[in-house]
Amino acid sequence: MMIQQNIAQSFHSPIVRVVLVAIAIGLLYVLWKEVRKIPAKLFTLMATAFVDMVGLLMIIPLLPFYVKTLGGSGIEILGMHFGIGIISGFIVAAFTVAQLISAPMWGRFSDRVGRRPTLLIALSASAIAYLIFGFAHSLLLLFLSRIVQGAGGGTVGVIQAYVADSTAPEDRARALGWLSATTNLGVALGPVLGSFAITLGKRDLLPGPATLHMGHAAPGIMAAALCLLNIAFVARYLTESRDFGEHAVTGELRRTSREAIWRVISHSSEPSSRLIWIYAIAIGAFQGSFSVLALFLNARFQVTEQTIGYFFMYVGSISVFARVLLLGRMVDWLGEAKLSRLGLVLLAAGVLGMPLSRNLGMLAVAVALIPLGTAFTFPCVTALLSRVTAPRERGLYMGMQQTYGGVARIVAPLFFGWSFDSLGVSSPYFFSSAFILATIFLGFGLDQYAKREESPAALETAPVTEEQEA
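Cut-offs and rules
- Residues numbered from 1 in each chain as written.
- Predicted model: local features only at pLDDT ≥ 70, side-chain atom pairs only at ≥ 80, totals over all residues.
- Heavy atoms only, no water.
- Phe/Tyr/Trp six-rings, centres within 6.5 Å; stacked < 30°, edge-to-face > 60°.
- Buried < 20%, exposed > 50% of the residue type's maximum accessible area, 1.4 Å probe, protein only.
- Helix = DSSP H or I, 4+ residues; strand = E, 2+ residues; numbered from the N terminus.
- Lys NZ or Arg CZ within 6 Å of the ring centre and 35° of its normal.
- Salt bridge = Lys/Arg side-chain N within 4 Å of Asp/Glu carboxyl O.
- 1 Å grid on protein atoms, 1.4 Å probe; cavity = no way out; pocket = protein on both sides within 12 Å on 5 of 7 lines; lining within 4 Å.
- Points joined across faces, edges and corners; volume = space filled by probe spheres on them.
- Nonpolar A, V, L, I, M, F, W, Y, C, P; charged D, E, K, R; others polar.
- Expected span 1.5 Å × (residues − 1).
- Axes fitted to C-alpha atoms, helices over the stretch in contact; angles between N-to-C directions.
- Parallel < 35°, antiparallel > 145°, perpendicular 65-115°, else oblique.
- Left-handed = near helix turned anticlockwise from the far one by under 90°.
- Contact = heavy atoms within 4.5 Å.
- Polar contact = N/O pair within 3.5 Å; in protein donor to acceptor, adjacent residues only side chain to side chain.

> Even after reading the chapter, I still don't get the packing of aromatic side chains, so can you show me in this structure?
Both the distance between ring centres and the angle between the ring planes are used here to describe each pair of aromatic rings. Taken as a whole, this structure holds 14 aromatic pairs when the rule is applied. Ring geometry for F296 against F301: centres 6.3 Å apart, planes inclined by 75°, an arrangement best described as edge-to-face. Across the pair, exposure class does not vary: F296 and F301 are buried alike. Taken together, a centroid distance of 6.4 Å and an interplanar angle of 50° make the contact between F416 and F435 tilted. Here F435 lies in helix α18 (residues 427-438) and F416 lies in helix α17 (residues 394-423), a separation of 19 residues in the sequence. Overall, the relative accessible area of 1% leaves F416 in the buried class. Of the residues examined, F435 reaches a relative accessible area of 36% and is grouped as partly exposed. Three or more aromatic residues joined by ring pairs make a cluster, and in this case those are F415, F416, W418, F431 and F435. When the ring centre of Y237 is taken as origin, the NZ or CZ atom of R236, which lies over that ring, is 4.9 Å away.

What follows is the structure in structure tokens.
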């Protein structure tokens, strides 16, 4: 108990705050040095993804409060009472389910008509969703806003396909790391703007006796306005990355989204299927265990809602450093396949080290391994996936990766929540570490795809088709 009190007090220590300020200054310097190396075409996409993430994170933290305001003590449906917690869960799940269903379709659509128009349509859907959210006066409209947002938000695979289209194979992991670092910055800034929007909504926007208040609609209106600016930016500056003449084959058979999703299961030994499984299992285990993170840190280290922000600042800072400063150099040294396996080991070790930590120093070391592991694993796995899939199906397979990962992110929190309640506060992290470590076996033998020269013939024959197997 004394150790836990000392740990809780240390979060308020001036030394800790000075260290965090030093980390922030160092982070800004590194970003300033590295941002000059980013190609103009990719920088435009990163700006688009950043603004999109800012808008999304303006809304997400406020969602439970809107649910509580509109739902009161809960609702009755067919004689059954649904509390605010369950309602919030359904509304959050609606976004995820819509995103899962739409991701392969957006990927296939972008393969056919291009990445740029696909992103424009998706951003337009997001703007509509933000307006519905802002002016929602019932839980049904709030639910509808999340479905529209999720359907328009299934374009992560499209953005990844754009990166793959726009960069050389050996630079894709580095470029995906840059993109991920950018979205992490959007995650940090979005909630701040959301809080500002709430304050702005209470102010009178008109001088003189007339009054105009945006009220609770302010965050939705501001997020929609930000989205419209992003649409104008994309329309003006983002160029199409898809080469429609690339590897075109007369009379070629294209897989539908349903066929491609089933193929990952039925042909699980294919390189593309194995990479998708690595991504889905690892990200599900990692993010699933973090669904009970606040409860774990509170039980073991007495971290509260006032101090948990330091934890995320620490993790986020290391994550941006790793993705911007280290990832490219490590890829050049080890290659994507070996680096992804190293990342899985670091991620598993970091997750396992959390319940084994006995003081703040041990926890800090263990937690530092987690952003290093994620930075080395997921961009490399995605870069490898772009290598082993044909350009004409790249968007489809990137979308499938997000679909399988999304399913894992739905199932894993349920399992780890049950484990936390039934088997002990540390059990989710033991399970998570074991799942992550097990995916290493799926990655053996993929080095040949990381090292192979990407000739048109090589790309055209990946992945192996049923006809070739016959």
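Moving on from the coordinates now.
> How should I be thinking about the pattern of salt bridges in this particular structure?
Note on pairing: side chains with opposite charge can pair once their charged atoms come close. Scanning the model with the defined rule gives four salt bridges in all. With a shortest N-O distance of 2.7 Å, D165 and R115 are connected by a salt bridge. Of the two residues, D165 is situated in helix α8 (residues 156-166) and R115 in helix α6 (residues 115-134); the sequence distance between them amounts to 50 residues. Given the relative accessible area of 0%, R115 is considered buried. Two residues, R263 and E270, come together in a salt bridge whose shortest N-O distance is 2.5 Å. On the basis of relative accessible area, R263 is assigned to the buried category, the value being 5%. Each of D111, R115 and D165 takes part in salt bridges that share partners, so that together they form one network.

> I tried to follow empty space enclosed by the protein on my own but got confused; where do I start?
Empty space among the atoms becomes visible once a probe the size of a water molecule is rolled across them. The full count for this structure, using the stated rule, is one cavity of 30 Å³ or more. Lining the largest cavity, in full, are V51, D52, G55, L123, Y130, A223, L226, C227 and N230. For the lining of the largest cavity, the elements supplying multiple residues, two or more each, are α3 (40-59), α6 and α10 (218-237). Among the elements that take part in the lining of the largest cavity, α10 stands out by supplying four residues, more than any other. Along the lines of polarity and charge, the residues of the lining of the largest cavity split into six nonpolar, two polar and one charged.

> Whenever I open this one, α10 confuses me. Can you help?
Residues that lie three or four places apart on an α-helix share one face, since the helix turns once every 3.6 residues. Here α10 is 20 residues long and its end C-alpha atoms lie 28 Å apart, about the 28 Å a rise of 1.5 Å per residue gives. Burial in α10 covers these residues: A218, P219, G220, A223, A224, C227, N230, I231 and V234.

> Just checking my understanding: could you explain the packing of α3 against α6 for this structure?
The relative placement of two packed helices is expressed as an angle between their axes plus a distance between the axes. It is the contact of α3 with α6, at a shortest axis distance of 11 Å, that shows an interaxial angle of 20°. One finds that α3 runs roughly parallel with respect to α6. Considering how the two elements wind past one another, α3 and α6 form a crossing that is left-handed. Side by side, α3 and α6 meet where L45, T48, D52, G55, L56 and I59 of the first sit next to L119, L123, S126, Y130 and F133 of the second. For the contact of α3 with α6, the class distribution of residues is seven nonpolar, three polar and one charged.

> Before we go on, may I ask you to explain helix α16 (residues 360-388) in this structure?
Compared with the 42 Å implied by 1.5 Å per residue over 29 residues, the 43 Å span of α16 between its first and last C-alpha is a close match. Its side-chain oxygen at 3.1 Å from the backbone nitrogen of G361, N359 defines the N-terminal cap of α16.

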